[in-house]
Each structure stands twice: as structure tokens, then as C-alpha cells.
Amino acid sequence: MYLVYNMRRWFTADFHIGMTDIIKYENRPFSDIKSHDGHLINICKAIPKDDVIIHVGDLYSMEARNILKPLDFVAGLDAVFVNIRGNHDLNNNVKSLCDSMQIHLGKRFPSVICGHYPSYDRRALRYIKPGYILLCGHVHGRWKHFLDTEKQILNINVGVDVWDYRLASEDDLVRYIISIIQLPKDKVNISKNGDIR
């Protein structure tokens, strides 16, 4: 993989390609799994060459292994595709680059971690760091952001369920984080013990 100067990064999570029950469980606005999967694949196909899609876990369902092979999906993209391992990626033949990765978002946010689990999940303990922003998935539509005051981590859910079934650009995330920072403290989802408000 090579990086170019004008490369853009796109973030998402929780595609669950091939998981027929995901439409019902998460009340996703698709009539069937074929239209669901087709939409998610097409939004990735629209990303241009040299851009990078970072999918933060739960890409593919075991149910889909006879319908669409993970490498067929990725091979059909112009963009570089990185899948960070989620709980549904453990036994589904999806090759994940890693469990987490540290990045920066623009010049303003140099301390950002991408990992599937939110900071209050014990499985995130291996990669979270106090004071960092965590781009995660796993929680689907439960919340879009959450400030974990105990661990001093701002969690941002990049999953498709809270980003209107589209990818979030790096610019989208920077604007969103700035909008959270500017909120009065009583308007930010805050928890000291992992409970979600």
C-alpha cells in the first residue's frame, strides 16, 4: 500500500454483509439482504482510487460466505480497504489488518484510535489510551458519541447505523468532534461507569 498527498480517508463500521437478521435487529431501511448488501458495497465502490476506507469491524457474516467471498468484495473496489477486526470477523475468513490502529484526524486531532469496541468494553482495554478519541463501532444505533469520563476518552461511533448508511469522511468527523467540544457539558453523553445516557 502506498499513500499519496491528496488521499482522503473514509470511516465506517458494522456492515454485517450477508447477515439477514441485521435489517430486523437494527431496523435498517432495506427490504432484503440483497438491497442492504448492494447499497453498502456501492457506497464503497464510489470512493475513488488512492482514497482509503477504514472499516472498524464486523464487515461480513458467516451466513454470507457462500454468497460473496470477502476478497471478491474488496477486489472490486478502487479505494484501499482496511478492515479492523470486530467480534463478527473472528471466524468468517475476513483477513483483518489489526485489532486497532492509531491515526490523526487533520492537524487538530493527533491522538485518535480506531478500534471496534467502545472504551467501556473490556475488549478495548488492549488499545485505549486516556485522552484519546476512539473511533469505534459495535454499538450500532445506540449512540453517535459518548464521553467516558472515567477513562477520559471521547468515543465516536462510525457505524453505518448512525451515519445514514454512508461512509463518514475525515472532514465529517473533524466537524462532528468540534461540534461536540462546543456543546455545553449537560448536552454531552457522559458516563463515569460505562452506562449510556
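These figures come from a predicted structure and were not determined experimentally.

A.B. asks: It is not clear to me how the overall build of the chain should be interpreted in this structure. Could you clarify?
C.D. replies: Helix and strand content of the chain: four helices and 10 strands. Its helices and strands in sequence order give the chain the pattern β-α-α-β-α-β-β-β-β-β-β-β-α-β, from N to C terminus. For the chain, the proportion of its 197 residues judged to be buried stands at 52%. Sequence separation of 24 or more characterises 59% of the internal contacts of the chain that already satisfy a separation of 6 or more.

A.B. asks: I tried to follow the sheet that holds strand β1 (residues 9–12) on my own but got confused; where do I start?
C.D. replies: Hydrogen bonds between backbone groups are what pair the strands of a sheet, and the pairing can be parallel or antiparallel. The sheet built from four strands is open, its strands ordered β3-β2-β1-β9 with mixed pairing. Each edge of the sheet is formed by a strand with only one pairing partner; in this case those strands are β3 (80–83) and β9 (168–169). Alignment of β1 against strand β2 (residues 52–55), held across four bridges, turns out to be parallel. In the sheet register, Trp10 faces β2, and the bridge partner there is Ile53.

A.B. asks: How should I be thinking about the nonpolar core in this particular structure?
C.D. replies: One recurring pattern in soluble globular proteins: nonpolar side chains tend to sit buried together. Core analysis: the largest hydrophobic core is formed by 28 residues, its most contacted members being Phe11, Leu105, Cys114, Leu135, Ile156 and Leu173. Elements supplying a minimum of two residues to this core: β2, β4 (100–105), β5 (109–115), β6 (133–136), β8 (153–157) and α4 (170–181). The element contributing the most residues to this core is α4, with six residues. With residues near it in sequence (within four places) discarded, Leu105 still touches Arg9, Phe11, Val112, Leu135, Glu170, Leu173, Val174 and Ile177. One finds Phe15, Leu40, Phe73 and Ala79 within the second-largest nonpolar core, a separate group that totals 23 residues.

A.B. asks: What is the right way to look at the pairing of β2 in this model?
C.D. replies: Regular strands show a simple pattern: their side chains alternate between the two faces of the sheet. The side-chain alternation of β2 yields two buried faces, one formed by Val52 and Ile54 and the other by Ile53 and His55. Two strands pair when backbone bridges link them, and β2 and β3 are joined in this way by four bridges, in the parallel orientation. Within the sheet, the bridge partner assigned to His55 lies in β3 and is Asn83.

A.B. asks: Help me understand the pairing of β4, please; the structure alone is not making it clear to me.
C.D. replies: Of the two faces of β4, only the one carrying Met101, Ile103 and Leu105 is buried; Ser100, Gln102 and His104 on the other face are not. Judged from the five bridges that link them, β4 and β5 form a sheet pairing that is antiparallel. What sits directly across from Ile103, in β5, is Val112. Where β4 hands over to β5, the hairpin turn is made up of three residues, of which Gly106 adopts a positive phi near 60°.

A.B. asks: Sorry, what's going on with the side chain of Ser119 here?
C.D. replies: Relative to the helices and strands, Ser119 is located in the loop between β5 and β6. Setting aside its immediate chain neighbours within four residues, Ser119 contacts Ala124, Ile128, Leu134, Phe146, Asp148, Lys151, Ile153 and Asn155.

Parameters and conventions
Residues numbered from 1 in each chain as written. Predicted model: local features only at pLDDT ≥ 70, side-chain atom pairs only at ≥ 80, totals over all residues. Heavy atoms only, no water. Helix = DSSP H or I, 4+ residues; strand = E, 2+ residues; numbered from the N terminus. Buried < 20%, exposed > 50% of the residue type's maximum accessible area, 1.4 Å probe, protein only. Contact = heavy atoms within 4.5 Å. Pairing = 2+ DSSP bridges. Core = buried A, V, L, I, M, F, W, Y, C linked by side-chain atoms within 4.5 Å.

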